[in-house]
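# Notes for the structure review
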Amino acid sequence: METVIQTKTLIPDVKQKMSDILVAISWREIARTYFGKSSGWLYHKLDGINGNGGPGGFTSEESMRLKEALCDLSDRIRKAAETL
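Presented here is an overview of the structure given in this document. (Residues numbered from 1 in each chain as written. Predicted model: local features only at pLDDT ≥ 70, side-chain atom pairs only at ≥ 80, totals over all residues. Heavy atoms only, no water.)

## Some details on helix α2 (residues 27-35)
Those residues of α2 lying buried are Trp27, Ile30, Ala31, Tyr34 and Phe35. Looking down the long axis of α2, one finds its buried residues gathered within 105° of arc, a one-sided arrangement. Residues of α2 that are buried sit in contact with α3 (39-47) and α4 (60-82). Once α2 finishes, Gly36 follows within two positions and takes phi at roughly 65°, a positive value. (Buried < 20%, exposed > 50% of the residue type's maximum accessible area, 1.4 Å probe, protein only. Helix = DSSP H or I, 4+ residues; strand = E, 2+ residues; numbered from the N terminus. Arc of directions from axis to C-beta. Contact = heavy atoms within 4.5 Å.)

## Structural notes on the packing of α2 against α4
Across the interface, α2 lies against α4 with an axial gap of 11 Å and an inter-helix angle of 110°. With respect to each other, α2 and α4 are oriented roughly perpendicular. Along this stretch, α2 crosses α4, giving a crossing that reads as right-handed. Facing α2, whose interface residues are Trp27, Ile30, Tyr34 and Phe35, α4 presents Glu62, Arg65, Leu66, Ala69, Leu70, Asp72, Leu73 and Arg76. (Axes fitted to C-alpha atoms, helices over the stretch in contact; angles between N-to-C directions. Parallel < 35°, antiparallel > 145°, perpendicular 65-115°, else oblique. Left-handed = near helix turned anticlockwise from the far one by under 90°.)

## Examining the packing of α2 against α3
In contact at an axis separation of 8 Å, α2 and α3 are set at 105° when each is read in the N-to-C sense. Between α2 and α3, the interaxial angle falls into the category roughly perpendicular. Residue-level contacts link Trp27, Arg28, Ile30, Ala31 and Phe35 of α2 to Ser39, Trp41, Leu42, Tyr43 and Leu46 of α3. Of the residues in the contact of α2 with α3, the class split is eight nonpolar, one polar and one charged. (Nonpolar A, V, L, I, M, F, W, Y, C, P; charged D, E, K, R; others polar.)

So this is what it looks like as structure tokens:
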């Protein structure tokens, strides 16, 4: 019988990739609305650490969810701007 161990690839540099928008977004709301998690959880992910202070980051699934959240927020901002 074979045992297969799957490891998740983590993406640790998300914060660096989003440096241009970091101060313009409520990460607390992103964490709560799109992930059902605390802002601390999201800040740890952005900083590339896990809850215990070790290396961490976003899994590919979490990265995709963050991308979808940012696209949704972008669409909502665009719709609000178009009403002005």
